[in-house]
Amino acid sequence: MLPKKFSCLSKVAAIATLSIGTAQALPIDWHGVFGVDTTLINNYRKVKNTADNKPISANPGSQEIGLGTGNEKASFQSYIFRLNPHIIVNDSASFKAEITSGYGRGGRLGDDSHTDQTGSFGNALYVQNQSSSTENLVINQAYMELYSDTATYVIGRHTTDWGLGAVYNSGKGTWDRHAFSRDGVTAKIKIGNFLVEPYWAKIDSSGSLSRNTKSNEIGAGLLYDNVDRDIAFGLLYAKKNNKSGNTTADTNTTGAANPYALGETDVKVTDIYFKKIFGNFKLELEVPIVSGELGKVYNNQVTKMNSKSFIFETEYKVSDSWTIAFDFGSISGHGGSTSSYDAMYLNPNYQVANLLFRYNLQAVGNTNQNIYDSYMTNATYAKIAGEYKSDKWSWVAAMVWAKANETAKAGESAYNHTNNRTFTAADTQADDLGMEIDLNFDYHWNNAVKVGGSLGYLFAGEYFSFTNDPTNKNVADNSFALQLNSSIEF
């Protein structure tokens, strides 16, 4: 291990230097992304502020977001970084990897440097900044590809995609912070217009409903893709199970602090995908369904899982410059039952708005959370968008409407989809998530460099004003987000 005084960039430089010596023996192809952005979110709590700017309810069912600094504005700068080496061993084998830093393929600007105020020279050396290495390099991917006449075999830690990326999303986008990965073996078999991908993987389920959990997953994807007829459809089926010796912390359900035996789990994923192109019109559909048994999640009681989503995207190319699109979706939520768990959380890379669903705003005041750990869940939404493209510019304007599928009803058990807690509702919650107007732009400086920005204005719905306290009510208030960014791809 390198000493801690080595910064992340120093490690990358060391790896690149070592590779020079082997470049003559093995061809190495380097790809990667580096980007920096600055974001301002005004009134990120989405409610009218009280006189002392403090939440009026600490009820576990409340939608209120705490104030990190006593200010209703959130302002932060972040970077994204990933390096993808591709080593060609011979005609039959390659090695590929993804190297990044920190959690979420990057971090916040300022987190990896500190002002030296250590010891008796603290004040005297205040103006000297020194690089820190609190976060080491992370190996997100490391796998071999073996090529044969019948199939391509992928062995190691690798990512995967399916359909629209609502669940299985490899994070190939420039600003994608996450990736769906497997530690295992995948075979890619091409037979005419059919692609078959059976796989086996070892999955770390820590951080979901369980901890100290290693799952076995086995599955296969079958895709028919006929380019000549502009049609594609397929089915992915996966089965994940845990052994009876695993444990879980009940913090995701009732808030208990001590782990107890989860028992055996058996979860199945069925993901249907369809695409059809009619001239300038394209439509795509993805329907992921999760079923099976989660184990003894709620107070030593076996819990069934039954969650599903319907994702529909359309696009019509009016001309070489103009495109219009309409998207619709419904993602199941959880009603609060302890006999079944019905909520689905889509991949955090899959987003439809600039502000709604996109950020984990609890992280503004809680440094133990990550602001990019945000998932679309418990919502029915519709989006209409128009895009204009020129040689250098790309502009997208959109309008998004959404409502919650599951809400709290007074006197009944309910579920808070933000903090993952069940609670008994003392009040009734509105289902209106609001309407958002978005504007995005990208300027292509050259083939590798882009400068862009986005604006989102949310007319917040009364869903966010819920406090689960009839004597202390909130009022929803509008919020907007502004971002500027620059990225380089190589």
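Residues numbered from 1 in each chain as written. Predicted model: local features only at pLDDT ≥ 70, side-chain atom pairs only at ≥ 80, totals over all residues. Heavy atoms only, no water.

Below, the discussion takes up the overall build of the protein chain. Across its full length, the protein chain carries one helix and 26 strands. Looking at the protein chain residue by residue over its 490 residues, the buried ones come to 42%. Nonlocal contacts in the protein chain, meaning residues at least 24 apart in sequence, comprise 63% of its contacts between residues at least 6 apart. (Helix = DSSP H or I, 4+ residues; strand = E, 2+ residues; numbered from the N terminus. Buried < 20%, exposed > 50% of the residue type's maximum accessible area, 1.4 Å probe, protein only. Contact = heavy atoms within 4.5 Å.)

Looking now at the environment of Ala 402. Counting through the fold element by element, Ala 402 comes out in strand β21 (residues 393–403). Through-space distance from the C-alpha of Ala 402 to that of Lys 383 is 8.8 Å; in sequence the pair is 19 residues apart. When neighbours within four sequence positions are excluded, Ala 402 is seen to be in contact with Leu 356, Phe 357, Thr 380, Tyr 381, Asp 432, Leu 433 and Gly 434.

Moving on: the environment of Asp 432. Inspection of the secondary structure assignment puts Asp 432 in strand β24 (residues 432–444). Spatially, the C-alpha atom of Asp 432 lies 9.8 Å from that of Thr 407, the residues being 25 residues apart in sequence. When residues no more than four places from it in sequence are discounted, the contact partners of Asp 432 are Ala 402, Gly 461, Glu 462 and Tyr 463. Separated by 3.0 Å, the side chain of Asp 432 and the backbone nitrogen of Gly 434 make a polar contact. (Polar contact = N/O pair within 3.5 Å; in protein donor to acceptor, adjacent residues only side chain to side chain.)

To continue, consider the confidence of the model for the protein chain. Predicted confidence across the protein chain gives a mean pLDDT of 85, with 81% of residues reaching 70 or more. Across residues 113–122, where pLDDT falls below 50, the model places 15 contacts with residues more than four positions away in sequence or in other chains. Long-range and interchain partners of residues 249–258, a stretch whose pLDDT sits below 50, account for 26 contacts in this model, where long-range means more than four residues apart. (pLDDT = per-residue confidence, 0-100.)

The grouping of Tyr 316, Val 318, Trp 322, Ile 324, Tyr 388, Trp 393, Trp 395, Leu 439, Leu 455 and Leu 482 at the surface amounts to a nonpolar patch, some 910 Å² of accessible area in total. The set of elements that each furnish at least two residues to the nonpolar patch consists of β18 (322–331) and β21. Structurally, Leu 482 can be placed in strand β26 (residues 479–489). For Leu 482, a relative accessible area of 42% translates into the label partly exposed. (Patch = residues over 30% accessible without salt bridge, like charges linked within 9 Å, V, L, I, M, F, W, Y side chains within 5 Å. Areas by Shrake-Rupley, 256 points an atom, 1.4 Å probe, with all protein chains shown as cover. Salt bridge = Lys/Arg side-chain N within 4 Å of Asp/Glu carboxyl O.)

Working definition: an aromatic ring pair is given by the centre-to-centre distance plus the angle between the planes. Counted by the stated rule, this structure contains 18 aromatic pairs. The interplanar angle of 85° and the centroid separation of 5.6 Å between the aromatic rings of Tyr 463 and Phe 464 together place this pair among those described as edge-to-face. The exposure classification of Tyr 463 matches that of Phe 464, with both residues buried. Geometry around Tyr 372 places Arg 177 over its ring, the cationic atom sitting 4.0 Å from the centre. (Phe/Tyr/Trp six-rings, centres within 6.5 Å; stacked < 30°, edge-to-face > 60°. Lys NZ or Arg CZ within 6 Å of the ring centre and 35° of its normal.)

We now examine the pairing of β21. Two strands pair when backbone bridges link them, and strand β20 (residues 379–389) and β21 are joined in this way by 10 bridges, in the antiparallel orientation. Looking at β21, one finds that Gly 386 is bridged to Ala 397. The antiparallel hairpin formed by β20 and β21 contains three residues in its connecting segment. Judged from the 11 bridges that link them, β21 and β24 form a sheet pairing that is antiparallel. Bridging from a neighbouring strand, Lys 403 pairs with Asp 432 of β24. (Pairing = 2+ DSSP bridges.)

As for its placement among the helices and strands, Asn 485 is situated in strand β26. For Asn 485, the contacting residues outside a window of four places in its chain are Val 36, Asp 37, Trp 175, Lys 450, Val 451, Gly 452 and Gly 453.

Turning to the pairing of β18, a few remarks are in order. Sheet analysis places strand β17 (residues 301–317) next to β18, joined by nine bridges and oriented antiparallel. Residue pairing in the sheet places Glu 313 in a bridge with Asp 327 of β18. Between β17 and β18, which pair antiparallel in sequence order, lie four residues. Relative to β20, β18 runs antiparallel, the two sharing 10 bridges. Residue pairing across strands places Trp 322 opposite Tyr 388, the latter belonging to β20.

Time to look at the pattern of salt bridges. Any two side chains of opposite charge can pair, given that their charged atoms come close. Applying the stated rule across the entire model yields 13 salt bridges. Salt-bridge contacts for Glu 145 lead to Lys 96; the nearest nitrogen and oxygen are separated by 3.3 Å. Placement of the pair is Glu 145 in strand β7 (residues 137–147) and Lys 96 in strand β3 (residues 93–101), with a sequence separation of 49 residues. The buried category is assigned to Glu 145, whose relative accessible area is 11%. Salt bridges linked by common partners bring Lys 239, Asp 266 and Lys 268 together as one network.

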